[in-house]
Amino acid sequence: MPQNTPGAVTVGAVQLVSAHGDVPANLDAIEELAARAAAGGARVVVTPELALTGYLWPDEDAVRGLAEPVDGPSVRRLARLCRATGAWLVLGMPELDTRVGTLHNTCVLIGPDGPVDAYRKAHPFVADPLWAADGHLPPPVWDTPAGRCVPLICADMDYPESARYAALSGADWIALPTAWVDEPGPSATWRLRAWENGLPVVAADQAGAETMHGRRVQFSGGSCVIDHTGDVVTALDDGPGVLTAELDLAAARDLRHRLLAARRPAEYRPLARTTTWPRESRHALTGDSSGSEVLVAVHTPAVGGGAELPPPPPEGTRLTVLPAFHLTGGVPDPAAARTALDRLSAWCARHACEAVTALAVPSRLDEQDVPGVASRPGGATASGVAAGGVRYAVVLVGGEGVIARRDVTHLGAHASWAEPGGEPTRTVRRPWGTLGLLAGEELAPFEPSRVAAVEGADVIAVPAAVSWPFPVPFDGTRVPLEPEELRRPDPAFAHPARLRAGDSHVWVALANDGPVPGGVFAPDHVAVPRREVLATEPGWTSLSCPLSGPDDMGAVCAAKPQLARRRADLFTAALLAPATVLPESQATAAG
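Along every chain, residues carry numbers that run from 1 in the direction the sequence is written. Reporting in this predicted model follows two pLDDT cut-offs: at least 70 for local features of residues, and 80 or more for side-chain atom pairs to be given and counted; totals over whole chains, interfaces and linings ignore these cut-offs and use all residues. Just so you know, side-chain values use all the structure's heavy atoms and leave hydrogens and water out.

Trainee: Can you lay out the packing of aromatic side chains for me, pointing to particular residues and giving the numbers?
Mentor: Whether two aromatic rings pair depends on their centres lying within 6.5 Å, for rings of Phe, Tyr and Trp, where Trp uses its six-membered ring; planes under 30 degrees apart make the pair stacked, over 60 edge-to-face, and the rest tilted. Within the structure shown, the criterion is met by 10 aromatic pairs. Measuring from centroid to centroid gives 6.2 Å for Tyr 55 and Phe 219, while their planes differ by 85°, and the two rings are edge-to-face. One end of the pair, Tyr 55, is in the loop between β2 (44–46) and α2 (60–64); the other, Phe 219, is in the loop between β11 (215–218) and β12 (224–226), and 164 residues separate them in sequence. Exposure classes here rest on a 1.4 Å probe applied to the protein chains alone. A residue is buried below 20% of its type maximum, exposed above 50%, and partly exposed in between. Judged by relative accessible area, Tyr 55 falls into the buried class, the value being 4%. Here a set of aromatic residues connected by ring pairs shows up, and it is made of Trp 195, Trp 468 and Phe 470. Helix and strand definitions follow DSSP, with helices as H or I runs of at least four residues and strands as E runs of at least two, each counted in order from the N terminus.

Quick look at the structure:
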């Protein structure tokens, strides 16, 4: 098996309209398209999820007769194709475990000598549990002629832990067999997972539609190759087809190393905890409670607006968010911290609201420096660092002064002038619910917002001054997705704050001073029409955010189903490991 990672490789993906239940016809189509990809130079070719049979199955009986063991006749037939073309294949298929009789949604790596390894989907989508048992192991790392590849299957990609695990395990790229729905392809989720991990993605999607129990399910198409920056190198839209593209694995490794080195695993311990018990049951035990709704407003400054306080917020606003450094003229100025926060506190008192902003502060802040923040005995601040340096702090302010302060820990290039904070993400209980405090730089890695959600956040306030490469324009699709809004062009596609809100089912209130539009983003990033507001003009942008049912979005915020379904049992050890990259032996053993 190949062991050395090349600098650049050519990979391929097949997009199918699978003939439902017709394995011979699907094998013919796979062979034809995969041979075309190999002729185009692809060393490894990825096929869609359940390419062998089609995706939708109502029960075990319907698919059992089509399922095969990993070394079954279909895999052996495709191994002959690998021998003839020199390309390896990632095949999506229903697997029969001949030892215990269970069925699995599986992808198999096939080389010229037959099956090399297999991976069973760990995160089921809604149709999978009708017939398939969940995988019980994290994804393996496969050494292939195109470098080290980690397979994920469709909904695995909805959970940021999966792609992060692939990056930490030493993968060069992700193979993604999928039957994606409810979002146009190439999916914003795929692009942002590539961006946040510096890890290319080769996505092979089903096209066309299938019907089950009278319901038509339209697949998204949009098979693609995405590079380590999240850019789409090449893509299909609707219908069957094949694509190939070259990946620069050396450049990807360099970027990925920098991203992973900036992680702070000791702060991610809450991710080891499960959240499977209903929130109402936990609140009954702890005495906590959530409100029903809160009006949130984010402020976008005018160009050259200086350090002026904003105008009054919309009537009824309880939480406002101002961009980072807005109170100090748009630049870090720790000497101005006390005066700025005094002014903001008086503003909050006048308008009967609270405000979140971020600014540079001296590392030593006692009650004489900033109201409401007290030092600890011995000359150290609440974050445990002696006087002399500068911190980047996110501060919650009310009419009574500073209510809470969090020193930013994930600084990024935008805040390299600051000392990192010494405490992990915390949430703050407010009369209307639970608030998380993050800086804009901390939305790029998924872990800080995920921790805030596990700690019970309903809303995460994010004062920012960031210049991400996302969102990007989306040109629209010919795929007949419903509702029609999914097909239309989108000028703000793949917004990182939107994905973070949907990842963990929280409201994200982003106030940004920079080219990335702020706004208030909803706990479900896929639902359309979107329940969000984008801050595209100077001034206030506000939204009433339900935090509990009967409103559908409030119910999602309260229940946080994606958190309950995440596989902490599979990924916690890797996420919390102090090493930047898992040892190769550990990563390989995981498969």
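Trainee: Which residues make up the nonpolar core, and what values go with them?
Mentor: Counting 82 residues, the largest nonpolar core has Met 157, Trp 173 and Ile 174 as the members making the most contacts within it. Buried Ala, Val, Leu, Ile, Met, Phe, Trp, Tyr and Cys residues form a nonpolar core when they are joined through side-chain atoms within 4.5 Å. Residues Ala 51, Tyr 55, Leu 103 and Met 212 belong to the second largest nonpolar core, which totals 42 residues.

Trainee: Go over helix α1 (residues 23–39) with me, naming the residues and quoting the values.
Mentor: The length a helix should cover is 1.5 Å for every residue beyond the first. Relative to the 24 Å expected for 17 residues at 1.5 Å per residue, α1 spans 24 Å between its end C-alpha atoms, a close match to the ideal helical length. Listed in full, the buried residues belonging to α1 are Val 23, Asn 26, Leu 27, Ile 30, Leu 33, Ala 34, Ala 37 and Ala 38. Across the axial projection of α1, the buried residues extend over an arc of 145°, all falling on one side. Any two residues whose heavy atoms approach within 4.5 Å at even a single point are treated as in contact. Buried residues along α1 sit in contact with β1 (8–15), β2, α3 (73–85), β3 (88–96) and β14 (241–248). Contacts described as polar in this section are N or O atom pairs within 3.5 Å, which, within protein, must combine one atom able to donate a hydrogen with one able to accept it, while residues neighboring in sequence count only if both atoms come from side chains. For α1, the capping residue at the N-terminal end is Asp 22, with a side-chain oxygen 3.1 Å from the backbone nitrogen of Ala 25. Gly 41, located one to two residues past α1, shows a positive phi value of around 105°. When we speak of the arc, we mean the arc of directions from the helix axis to the C-beta atoms.

Trainee: If you had to explain the sheet that holds strand β21 (residues 433–437) to someone new, which residues and values would you point to?
Mentor: Note: two strands are recorded as paired if DSSP finds a minimum of 2 bridges between them. The strand order across the open sheet formed by six strands is β20-β21-β22-β25-β26-β27, and the pairing between neighbours is mixed. Sheet topology places β20 (427–430) and β27 (533–535) at the edges, where each strand pairs with a single neighbour. This sheet shows a mean twist of 20° between the axes of neighbouring strands, independent of strand direction. Two strands pair when backbone bridges link them, and strand β22 (residues 459–464) and strand β25 (residues 507–512) are joined in this way by six bridges, in the parallel orientation. In the strand pairing of β25, Ile 460 is matched with Val 508. Whenever a helix is involved, its axis is fitted only over the stretch in contact; in every case the axis is a line through C-alpha atoms, and angles between N-to-C directions fall within 0 to 180 degrees.

Trainee: Which residues make up the packing of α1 against α3, and what values go with them?
Mentor: Put simply, α1 and α3 touch, their axes get as near as 11 Å, and they point 20° apart. Relative to α3, the element α1 lies roughly parallel. At the point where α1 passes α3, the crossing takes the right-handed sense. Together, Val 23, Leu 27, Asp 28, Ile 30, Glu 31, Ala 34, Ala 35 and Ala 38 of α1 and Ser 74, Arg 77, Leu 78, Leu 81 and Thr 85 of α3 make up the contact between the two elements. Residues were grouped as follows: Ala, Val, Leu, Ile, Met, Phe, Trp, Tyr, Cys and Pro as nonpolar; Asp, Glu, Lys and Arg as charged; and all remaining residues, including Gly, as polar. For the contact of α1 with α3, a count of residues per class yields eight nonpolar, two polar and three charged. Each angle gets one of four labels, with under 35 degrees taken as roughly parallel, over 145 as roughly antiparallel, 65 to 115 as roughly perpendicular, and the rest as oblique. The handedness criterion is simple: a crossing whose near helix is rotated anticlockwise from the far helix by less than a right angle is left-handed, and one whose near helix is rotated clockwise is right-handed.

Trainee: Would you mind going over the packing of helix α4 (residues 160–168) against helix α5 (residues 188–197) in detail, with residue names and values included?
Mentor: Between two packed helices, the angle of one axis relative to the other and the distance separating the axes together describe the packing. Packing of α4 against α5 leaves a shortest axis separation of 10 Å and a crossing angle of 40°. Taken together, the axes of α4 and α5 are oblique relative to one another. The two elements α4 and α5 meet at a crossing, and its hand is right-handed. Residues Pro 160, Ala 163, Arg 164 and Ala 167 of α4 lie in contact with α5, whose contacting residues are Arg 193, Glu 196 and Asn 197. Looking at the contact of α4 with α5 residue by residue, the class counts come to three nonpolar, one polar and three charged.

Trainee: Quick rundown of the pairing of strand β8 (residues 173–178)? Include the residues and the values.
Mentor: Working note: regular strand, side chains alternate between the two faces of the sheet. Of all six residues in β8, six are buried, a share of seventy percent or more. Neither face of β8 is left uncovered, since the one carrying Trp 173, Ala 175 and Pro 177 and the one carrying Ile 174, Leu 176 and Thr 178 both have all their residues buried. For the handedness criterion, the strands are oriented away from the viewer, and a crossover whose path from the first strand over the helix to the second runs clockwise is classed as right-handed. Crossover connection from strand β7 (residues 147–151) via α4 to parallel β8: handedness right-handed. With five bridges connecting them, β8 and strand β9 (residues 201–205) associate as parallel partners. Its bridge partner being in β9, Thr 178 is matched across the sheet by Asp 205. Taken together, β8, α5 and β9 form a β-α-β motif whose crossover is right-handed.

Trainee: A description of the environment of Pro 140 should follow, citing residues and the corresponding values.
Mentor: Counting through the fold element by element, Pro 140 comes out in the loop between β5 (114–120) and β6 (142–144). In this structure Pro 140 comes out as buried when scored by relative accessible area, which is 2%.

Trainee: For the pairing of β1, give the residues involved together with the corresponding values.
Mentor: β1 sits mainly inside the fold: seven of its eight residues count as buried. Strand direction decides the pairing type here: β1 and β14, joined by eight bridges, are antiparallel. By the bridge assignment for β14, Gly 12 is matched with Thr 244. Here β1 pairs with β2 via three bridges, running parallel. Within β2, the residue paired with Gly 12 across the bridge is Val 45. For the crossover that starts at β1, traverses α1 and ends in the parallel β2, the hand is right-handed.

Trainee: Give a detailed account of unusual backbone geometry, specifying residues and quantitative values.
Mentor: The amide bond that connects Phe 470 to the next residue, Pro 471, takes the cis arrangement and shows omega of 5°. With respect to the helices, strands and loops of the structure, Pro 471 is situated in the loop between β22 and β23 (472–474). The amide bond that connects Gly 549 to the next residue, Pro 550, takes the cis arrangement and shows omega of 15°. By the secondary structure assignment, Pro 550 is in the loop between β28 (539–546) and α11 (552–559). Unlike most non-glycine residues, Leu 50 shows phi in positive territory, near 50°. Turning to its location among the elements, Leu 50 is positioned in the loop between β2 and α2. Judged by relative accessible area, Leu 50 falls into the buried class, the value being 0%. The phi dihedral of Asp 182 is positive, around 70°, even though this residue is not glycine.

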